Amino acid sequence: MKKIKLEGIFPPLTTPFENDELALDKFGENINKLNSTNLSGYVVLGSNGESCFLTRDEKLSLISETKKQAVKGKLIIAGTGLDSIKGTVSLTNDAASVGADAALILTPSFFKGRMKHEALLEYFTSVADKVNIPVIIYNVPKFTNVIIVPRTVKELSKHKNIIGIKSSSTDIAYLGEVLNLVDKDFKVLAGTASILYAGLCLGASGGILAAANILPNECVKVYELYKSGNLDESLSLQNNLLAVNKAITATFGVAGLKKAMDWLGYYGGIPRSPLQQLTKSEEEKLRHILIEENILAN
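First, a word on scope: everything that follows refers to the structure included in this document. Model, not experiment: these values are computed from the prediction. (Residues numbered from 1 in each chain as written. Predicted model: local features only at pLDDT ≥ 70, side-chain atom pairs only at ≥ 80, totals over all residues. Heavy atoms only, no water.)

**Considering the nonpolar core**
If you look at soluble globular proteins, the nonpolar side chains tend to sit buried side by side. One finds Ile 9, Phe 124, Ile 148 and Ile 165 to be the most contacted residues of the largest nonpolar core, which totals 81 residues. Tallying contributions element by element places helix H9 (residues 216–227) first for this core, with six residues. Residue contacts for Ile 9: discarding those within four places in its chain leaves Leu 39, Ser 40, Gly 41, Leu 196, Gly 207, Leu 209, Ala 212, Cys 219, Val 220 and Tyr 223. (Core = buried A, V, L, I, M, F, W, Y, C linked by side-chain atoms within 4.5 Å. Buried < 20%, exposed > 50% of the residue type's maximum accessible area, 1.4 Å probe, protein only. Helix = DSSP H or I, 4+ residues; strand = E, 2+ residues; numbered from the N terminus. Contact = heavy atoms within 4.5 Å.)

**Some words on the packing of helix H3 (residues 85–97) against helix H4 (residues 117–130)**
Relative to each other, H3 and H4 sit at 35°, their axes nearing to 9 Å. You can see that H3 and H4 cross each other, and the crossing is right-handed. Of H4, the residues touching H3 (which contributes Ile 85, Thr 88, Val 89 and Asn 93) are Glu 122, Tyr 123, Ser 126, Val 127 and Lys 130. Here the residues of the contact of H3 with H4 sort into four nonpolar, three polar and two charged. (Axes fitted to C-alpha atoms, helices over the stretch in contact; angles between N-to-C directions. Left-handed = near helix turned anticlockwise from the far one by under 90°. Nonpolar A, V, L, I, M, F, W, Y, C, P; charged D, E, K, R; others polar.)

**Let's talk about the environment of Asp 185**
Looking at the secondary structure, you find Asp 185 in the loop between helix H7 (172–181) and strand S9 (187–190). On the basis of relative accessible area, Asp 185 is assigned to the exposed category, the value being 53%. Residues Asp 185 and Gly 164, spaced 21 residues apart in sequence, show a C-alpha to C-alpha distance of 8.6 Å.

**With respect to the sheet that holds strand S4 (residues 41–44)**
If you walk across this open sheet you meet the eight strands as S1-S10-S9-S8-S7-S6-S5-S4, and the pairing is parallel. Each having just a single partner strand, strand S1 (8–10) and S4 make up the two edges of the open sheet. On average, each strand axis in the sheet is inclined to that of its neighbour by 25°, with strand direction left out of account. Here H7 sits on the sheet and contacts strand S7 (135–139), strand S8 (162–167) and S9; the angle it forms with S8, its principal contact strand, is near 170°. (Pairing = 2+ DSSP bridges.)

**Structural notes on the state of the cysteines**
What the rule picks out here adds up to zero disulfides. Unpaired in terms of disulfides, Cys 201 finds its nearest cysteine sulfur in Cys 219, a separation of 16 Å. (Disulfide = S-S within 2.5 Å.)

Next up, the structure:
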């Protein structure tokens, strides 16, 4: 199996819709605009890609289009996690056949009360044994209400086909504990721009960041400055990302991210129903934040 370099900054791409259908042309245009940056690759079918609202055919179409549009050297990571092992294996191998280099696999959560150490160990081990591309664990408790505890991650990090974890939590202590326990070749990625610098200080290898959809160069710069030893500059730029990142994640979510993309030269569009677009009041608040942070002109 091909060796994957899981380092640097990756945006979890949004999914454009027109009349409730995939707008693959707009999706491709967004990727082409991002290709000129130093992003390490792209995540397709993540939470920000509204993966839960997509059909299987739509998912595979988006992966195929990402492969078609991404320039050489950009890693393509596809979110292929489903609640069942069988379904996840099937989708992951189909994703690999149309261009995915690695799979970002969500913790199963429908029977969340039973998703403890033993169940998650069995789930990820069984999937990793049967898929044709490397696996990245996706820990996002704010959506799943499931936390994959550090001792489980420690065990899974020994599997030759489980290469990392994306932790979409602002819990720095959790990130530090995981980094302290896992095998040395296992990569840990920050899952939000608000903890990128702190994560790098603890030993994270990069981040999958919603903010990288609208501020790719700034997110990459935090990473590059840190890696080159310019810690003060890196921290200063990290602090500049905080208000914007909060707005497009915790406060306004996918609808806010898509609206910001529209204002900044990308195609965002509206979320797929039943997710609602921003109200006029919310738009005004978001625009004010972007102006205050010198992202948008007044």
